[in-house]
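Read off the chains here:
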Amino acid sequence: MNINSDLYRVFYCVAKNKSFSVAAKELYVSQSAISQNIRQLEQQLGCKLFYRTRTGVELTKEGDVIFEYVERATHWLEQAKKRLEEYQNLDSGNLRVGAADDLCKYFLDKPIARFRNLYPDTHIEIRCEKSQQTIWDLKSGKIDIGFVGHPLEDEEIECKPWLYLHDCFVCNEKYLAHTKERQKMENLVKLPLILLRKGTDERNAFEETMRQMGVVANPVLEVSSHALMVQLAKNGLGIACVTEAFVGHELSHRELYKISTNANLKPRSIGVCVLKNATQHFAVKRFLEDIGYNA
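Residues numbered from 1 in each chain as written. Predicted model: local features only at pLDDT ≥ 70, side-chain atom pairs only at ≥ 80, totals over all residues. Heavy atoms only, no water.

With that settled, consider the environment of M213. Structurally, M213 is set in helix α8 (residues 201-213). Not counting chain neighbours up to four residues away, the residues in contact with M213 comprise M185, N262 and A263. (Helix = DSSP H or I, 4+ residues; strand = E, 2+ residues; numbered from the N terminus. Contact = heavy atoms within 4.5 Å.)

This part takes up the sheet that holds strand β9 (residues 221-223). The mixed open sheet is built from 5 strands, whose spatial order is β9-β8-β10-β7-β11. Every interior strand has two partners, whereas the edge strands, β9 and β11 (257-259), have only one. Within the sheet, the average angular offset between the axes of one strand and its neighbour, ignoring direction, is 35°. Pairing of strand β8 (residues 193-196) with β9 involves 3 bridges; the strand directions are parallel. Opposite L195, over in β9, you have E222 as the bridge partner. Contacting β7 (167-171), β8, β9 and β10 (239-243), helix α9 (residues 226-234) crosses the sheet at an angle of about 140° to β10. (Pairing = 2+ DSSP bridges. Axes fitted to C-alpha atoms, helices over the stretch in contact; angles between N-to-C directions.)

To continue, consider empty space enclosed by the protein. This structure, assessed with the given rule, holds 1 cavity of 30 Å³ or more. Each pocket or cavity is described by its volume, and for the largest cavity that value is around 40 Å³. In terms of lining, the largest cavity is formed by L195, L196, E202, R203, F206 and C241. At the level of elements, β8 and α8 are the ones that each hand at least two residues to the lining of the largest cavity. The element that contributes the greatest number of residues to the lining of the largest cavity is α8, accounting for 3 residues. Looking at the lining of the largest cavity, its residues break down into 4 nonpolar, no polar and 2 charged. (1 Å grid on protein atoms, 1.4 Å probe; cavity = no way out; pocket = protein on both sides within 12 Å on 5 of 7 lines; lining within 4 Å. Points joined across faces, edges and corners; volume = space filled by probe spheres on them. Nonpolar A, V, L, I, M, F, W, Y, C, P; charged D, E, K, R; others polar.)

Glancing now at unusual backbone geometry. Going from H150 to P151, the amide bond is cis rather than trans, its omega being 10°. Locating P151 in the fold gives a position in the loop between β5 (145-150) and β6 (157-165). For R254, which is not a glycine, the phi torsion comes out positive at approximately 55°. Locating R254 in the fold gives a position in the loop between α10 (248-252) and β11. The class for R254 is exposed, based on a relative accessible area of 63%. A positive phi is found at N277, a non-glycine position, where the angle reads about 60°. By relative accessible area, N277 is classed as exposed at 82%. (Buried < 20%, exposed > 50% of the residue type's maximum accessible area, 1.4 Å probe, protein only.)

Written out as structure tokens, the structure is:
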């Protein structure tokens, strides 16, 4: 049996008001149209739904049964509509973001804080992972938005450039003499170098620059944490190749010093990623708009 939702809407309105005429006014149709709809529904169900009284109509026993379910369905439809409006207004909703620790700390903190202030009832989840894990989380549906190195060649993911990072060499007072004038890389690599482990975007960019310059660099320390690399440099264990934006505090407070070199360390692009052809929830759309994804 095909269910005509319009017939049940008319039935609910008549039953609620106990009047064909009141239902007609509420639905902006003629009373004869109301009567016709009720007759059509009774024919489909094979039973009488109303009986007439002096003041209007009352439900039959069969009508009572139908009304119980129609009223329940109407309630849930109203709740669904209200819930949808909440999502559209971001009174509620979910935003799941994935990025490396340092990106979260130095670049995503402000957009997240701004979004949180605008939409305080939106639930925000942040996963701090390496790029490969972030990509996997995006593909497996654990996050809505990922921030990884750009460009990214992946048929399932759309990745647009978001910001550019510049690397530099830093040291503490132990190597202060090397900050006085521009250093040649072939001389600098003879000093103790601290680098991120192989396979990271930063390390790949560094090694590509060294290859182009014909310089061989053998670090004395390789770490997986940018924060640890900075701390080791502050402790005088070597010269670190770091992302300049991540050591702004240390440079301004003279805990670290920047070394100028003849190396042309190319800026690295960070991209914002979403699944291709994915339907984005309202909170995700608003956040993407806020960070200029669609610009």
